[in-house]
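Read off the chains here:
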Amino acid sequence: MWQGQQSPSGEPNQQKTYPGSAPEPPRRPRNRTTIAVVAAATAVVVACGVTGFLVLRDNDGGKGNDPAEAKPAATGPASPDGSDRSAAEAGSGPLVPGWNTVVNAKRGITFDVPASWARQSASWVSYVAEDDDPEEKPLVAMMAPAVLKEKWCTSDDNKDGNEEATSLASTGTTGEKGSKSAAEDTEDTAKNWVYGAYTQPDRTRLSIGEPESYRTKSGVEGSLVTVTSSGTPKTNKCDSDGKAMTFAFKNAAGDFVSWTYIGAHGVPDEVSDPTIRQILSTVRLFKEGDGQD
């Protein structure tokens, strides 16, 4: 398990999408990790000055956040078709015919995903935290993710009578506040995703690839790193090894930002490397109107 949803009460649930309805009653995730997906609401902004989870902060829940500020607040439902994403008039459509565009206007990033990936709203944030951290301080996070097979695997490992869903893969973007180089960003971010989502508390099962220079179709240049895990104990039905690919680069403002893919590794349905790289190849700097498809 590695995907969850933040409920109005502040307790994480397994991730499900409930268009136009409230989440299920809260229940703790299994003993792998906590990933919250938070939908920001205008009422929350007015009430406490923070939209959901760190949407008004500078680094989207990346490294070194204050635990008190990192803990998520109230939520609303997801929007898998991306219909609530804001966009102006004129901008790029998907670079691959039939795909959909994902936008993180705050960080100045646009990319595309196949139509089978469910786009969450622009205010949603996914993160991983240490299992034993009561404050759930994020190790790493991504905004406005797109998710593949949200109910890829279901199980009731804690025997409470409720089936819990695990997704196959997600991809999204974030800021990299305080980073000094793209190479540093890629390795740290990718390692934290695989560790937090699949192998914790064991970091010894991570295999870190060599950083490679990468240039997207639109000419964005940066550093790419792939991290995988192997031999992770299969304690529960949906447990698996994991894989992350992180591409770090500078946006139009000169700030380091990153795109990340994170998903199950070594399973029959694993997303292929060519598909991941095709998604990566569409990463581009945001322009007003991107995603108005």
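As shown above, the structure is provided for reference.
What counts and what doesn't
Position numbers for residues start from 1 in each chain and track the written sequence from start to end. Selection of residues for local features in this predicted model requires a pLDDT of at least 70, selection of side-chain atom pairs for listing and counting requires 80 or more, and totals for whole chains, interfaces and linings are taken over all residues. Heavy atoms throughout the structure, all of them, feed into the side-chain values; hydrogens and water do not. Numbering goes from the N terminus for both helices and strands, where a helix is a DSSP run of H or I of at least four residues and a strand is a run of E of at least two. Residues adjacent in sequence count toward polar contacts only when both atoms are side-chain atoms; beyond that, a polar contact is any pair of N or O atoms within 3.5 Å, and within protein one must be able to donate a hydrogen and the other to accept it. Stacked, tilted and edge-to-face are the three classes applied to pairs of Phe, Tyr and Trp rings, where Trp contributes its six-membered ring and a pair requires centres within 6.5 Å; stacked means planes under 30 degrees apart, edge-to-face means over 60, and tilted covers the rest. Throughout this description, buried means an accessible area under 20% of the type-specific maximum (1.4 Å probe, protein chains only), exposed means over 50%, and partly exposed covers the range between. Over a ring means this: the NZ of a Lys or the CZ of an Arg is within 6 Å of the ring centre and within 35 degrees of the ring normal. Throughout, disulfides are identified as pairs of cysteine sulfur atoms within 2.5 Å of each other. By the convention used here, strands pair only if DSSP detects at least 2 bridges between them. Only heavy atoms matter for contacts: two residues are in contact if any of them lie within 4.5 Å across the pair.

### Some remarks on the side chain of Thr-199
Item 1. Along the polypeptide, Thr-199 turns up in helix α3 (residues 182-199).
Item 2. A distance of 2.7 Å separates a polar atom in the side chain of Thr-199 from the backbone oxygen of Asp-202.

### Section: the packing of aromatic side chains
Item 1. Counted by the stated rule, this structure contains two aromatic pairs.
Item 2. Both rings, one in Phe-247 and one in Phe-249, keep their centres 5.0 Å apart while their planes meet at 25 degrees; by these two values the pair is stacked.
Item 3. Assessed through its relative accessible area of 0%, Phe-247 is described here as buried.
Item 4. Of the residues examined, Phe-249 reaches a relative accessible area of 1% and is grouped as buried.
Item 5. Members of the aromatic cluster, joined through ring pairs, are Tyr-214, Phe-247 and Phe-249.
Item 6. The residue whose ring lies beneath Arg-203 is Tyr-195, and the NZ or CZ to ring-centre distance is 3.8 Å.

### Thoughts on the state of the cysteines
Item 1. On inspection of all chains with the given rule, the structure shows one disulfide.
Item 2. Covalently, Cys-153 is tied to Cys-238 through a disulfide, its sulfur atoms 2.0 Å apart. Residues Cys-153 and Cys-238 are joined by a disulfide whose S-S torsion is about -85 degrees; by sign, that bridge is left-handed. With Cys-153 in strand β8 (residues 153-155) and Cys-238 in the loop between β13 (221-229) and β14 (241-250), the pair connects residues that are 85 residues apart, well separated along the chain.

### So, unusual backbone geometry
Item 1. That bond from Gln-200 to Pro-201 is cis: its omega, 10 degrees, falls within 30 degrees of zero.
Item 2. Along the chain, Pro-201 falls in the loop between α3 and β11 (206-208).
Item 3. Positive phi outside glycine occurs at Glu-136, with the angle close to 50 degrees.
Item 4. Tracing the chain through its elements places Glu-136 in the loop between β6 (125-129) and β7 (138-148).
Item 5. Judged by its relative accessible area of 5%, Glu-136 falls in the buried class.

### Describing the sheet that holds strand β3 (residues 100-104)
Item 1. Ordered in space as β3-β4-β16, the three strands form an open sheet in which the pairing is antiparallel. For this open sheet the edge positions go to β3 and β16 (284-285), each flanked by a neighbour on one side alone.

### Brief notes about the environment of Ser-281
Item 1. Within the fold, Ser-281 resides in helix α4 (residues 273-281).
Item 2. For the pair Ser-281 and Gly-219, spaced 62 residues apart in sequence, the C-alpha to C-alpha distance is 9.4 Å.
Item 3. When residues no more than four places from it in sequence are discounted, the contact partners of Ser-281 are Tyr-214, Thr-216 and Lys-217.

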